[in-house]
Amino acid sequence: MEEEIIVSSPGKIIFHGEHAVVYGKIALATSLDVRTHTRLKDRSDRCVVIDLPDIGQHLTWKVDDIMTQFPHTVCNVLEPGPADGQLMKDMADFIGIQSETHDTKNLALLSFLYLLHSISGNIKIPAVHITVISKLPVSAGLGSSAAYSACLAAVLLMRTNLIKPTKDGTWSTDDLDLINKWAFQSEKIIHGNPSGIDNSICTYGFLN
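A few points on the structure. Only a predicted model underlies this, so the values are computations on that prediction, with no experimental measurement involved.

## Let's talk about the nonpolar core
Membership of the largest hydrophobic core comes to 58 residues, with the highest contact counts inside it found for Ile130 and Trp182. At the level of elements, β1 (4-16), β3 (47-52), α1 (63-69), α2 (85-95), α3 (104-120), β5 (128-134), α4 (144-159) and α5 (173-191) are the ones that each hand at least two residues to this core. Examining the composition of this core, we find that twelve residues originate from one element, α4, more than from any other. Look past the residues within four positions of Trp182 in its chain and what remains in contact with it is Cys75, Asn76, Val77, Pro80, Tyr114, Leu115, Ser118, Ile119, Ala153 and Leu157.

Next up, the structure:
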């Protein structure tokens with residue numbers, strides 16, 4: 001039976017301390033009910049498809065190619081860790097982008113591949129079609145990449161049965177913590193040295 005998972009995450013707004021928070025200072029922020037929606041649907045053709053229409057990205061990879069290129073587990077899926085430089089270079093080459101890219105569109109693909117491989121690494125990578133649609137403008141300081149990261153982490157963790165929503169469609173604190181940790185790793189790929197506040201707000205500020 002094909003599985004379909006749908007998750008949405010809010011954006012964020014920081015009222016005070018947006019730059020200082022990177023250095024451990026206090027910031028005042030809240031979630032913003034302008035959401036990013038992500039759908040994961042199983043496929044029967046042993047392919048992974050990532051569809052990001054808002055930024056004009058649509059790629060298809062064969063599951064076997066991903067597993068052949070990246071046969072080793074990155075880290076314990078319950079203890080998320082950062083990707084090393086060589087892995088990022090290898091993944092960038094696999095996608096067909098420059099490893100030192102600063103293009104947000106390309107970094108979104110790179111973070112997706114890292115999450116897919118890392119979260120699925122202890123089991124077989126599933127054949128899925130993932131579509132992300134957002135009402136959050138890109139590079140506007142409203143948490144578009146953090147909402148993207150939180151949504152991807154959530155659907156992949158659900159697909160691999162590592163987390164399960166409660167009856168009201170939310171998650172336990174432990175599950176949210178795991179989503180947030182993986183979203184933070186994704187944010188590191190996209191932004192380099194994020195504070196963690198964006199992904200925290202997009203995860204705990206009513207991800208559903």
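## What about unusual backbone geometry?
When glycine is set aside, most residues are seen to have a negative phi, and most peptide bonds are trans. Within the chain, Arg46 stands out as a residue other than glycine whose phi angle is a positive 60°. Position of Arg46 relative to the elements: it lies in the loop between β2 (28-42) and β3. Its identity as a non-glycine residue notwithstanding, Phe206 has a phi of 85°, on the positive side. Structurally, the position occupied by Phe206 is in the segment after α6 (197-204).

## Regarding the packing of α5 against α6
Orientation of α5 relative to α6, taken along the N-to-C sense of each, is 145°, at an axis distance of 9 Å. Considering how the two elements wind past one another, α5 and α6 form a crossing that is right-handed. Of the residues in α6, those touching α5 at Leu176, Asp177, Ile179, Asn180, Ala183, Phe184 and Glu187 are Asp198, Asn199, Ser200, Thr203 and Tyr204. Here the contact of α5 with α6 is built from residues that sort into five nonpolar, four polar and three charged.

## Comments concerning the sheet that holds β2
Taken in spatial order, the five strands make up an open sheet running β1-β2-β5-β3-β4, and their pairing is mixed. Strands at the two margins of the open sheet, each flanked by one partner only, are β1 and β4 (57-62). Ignoring strand direction, the axes of neighbouring strands in this sheet form an average angle of 15°. Sheet analysis places β2 next to β5, joined by seven bridges and oriented antiparallel. Across the sheet, residue Asp42 finds its bridge partner in β5, namely Val128. Against the sheet, α6 makes contact with β1 and β2, and its axis sits at roughly 130° relative to β1, the strand it touches most.

## Topic: the environment of Glu3
Locating Glu3 in the fold gives a position in the segment before β1. Residue classification places Glu3 among the partly exposed positions, given a relative accessible area of 31%. Ignoring anything within four residues of it in the chain, the contact list for Glu3 reads Leu40, Lys41, Asp42 and Arg159.

## Digging into the pattern of salt bridges
Following the criterion strictly, the structure yields seven salt bridges and no others. In this structure, the salt-bridge partner of Asp42 is Arg159, at a minimum N-O distance of 2.8 Å. With a gap of 117 residues between them, Asp42 in strand β2 and Arg159 in helix α4 connect regions that are remote in the sequence. For Asp42, a relative accessible area of 12% gives the class buried.

## Brief notes about the packing of aromatic side chains
Enumeration according to the criterion identifies four aromatic pairs in this entry. Ring geometry for Trp61 and Phe112: centres 6.1 Å apart, planes at 15°, overall stacked. Separated by 51 residues along the polypeptide, Trp61 in strand β4 and Phe112 in helix α3 bring together distant segments of the chain. With respect to burial, Trp61 and Phe112 carry one shared label: buried. Judged by centre distance (6.3 Å) and plane angle (55°), the ring pair of Tyr114 and Trp182 falls under tilted. With Tyr114 in helix α3 and Trp182 in helix α5, the pair connects residues that are 68 residues apart, well separated along the chain. On the basis of relative accessible area, Tyr114 is assigned to the buried category, the value being 1%.

Scoring rules and cut-offs
- Residues numbered from 1 in each chain as written.
- Predicted model: local features only at pLDDT ≥ 70, side-chain atom pairs only at ≥ 80, totals over all residues.
- Heavy atoms only, no water.
- Core = buried A, V, L, I, M, F, W, Y, C linked by side-chain atoms within 4.5 Å.
- Buried < 20%, exposed > 50% of the residue type's maximum accessible area, 1.4 Å probe, protein only.
- Helix = DSSP H or I, 4+ residues; strand = E, 2+ residues; numbered from the N terminus.
- Contact = heavy atoms within 4.5 Å.
- Axes fitted to C-alpha atoms, helices over the stretch in contact; angles between N-to-C directions.
- Left-handed = near helix turned anticlockwise from the far one by under 90°.
- Nonpolar A, V, L, I, M, F, W, Y, C, P; charged D, E, K, R; others polar.
- Pairing = 2+ DSSP bridges.
- Salt bridge = Lys/Arg side-chain N within 4 Å of Asp/Glu carboxyl O.
- Phe/Tyr/Trp six-rings, centres within 6.5 Å; stacked < 30°, edge-to-face > 60°.

In short, shape yes, function no, at least from these values alone.
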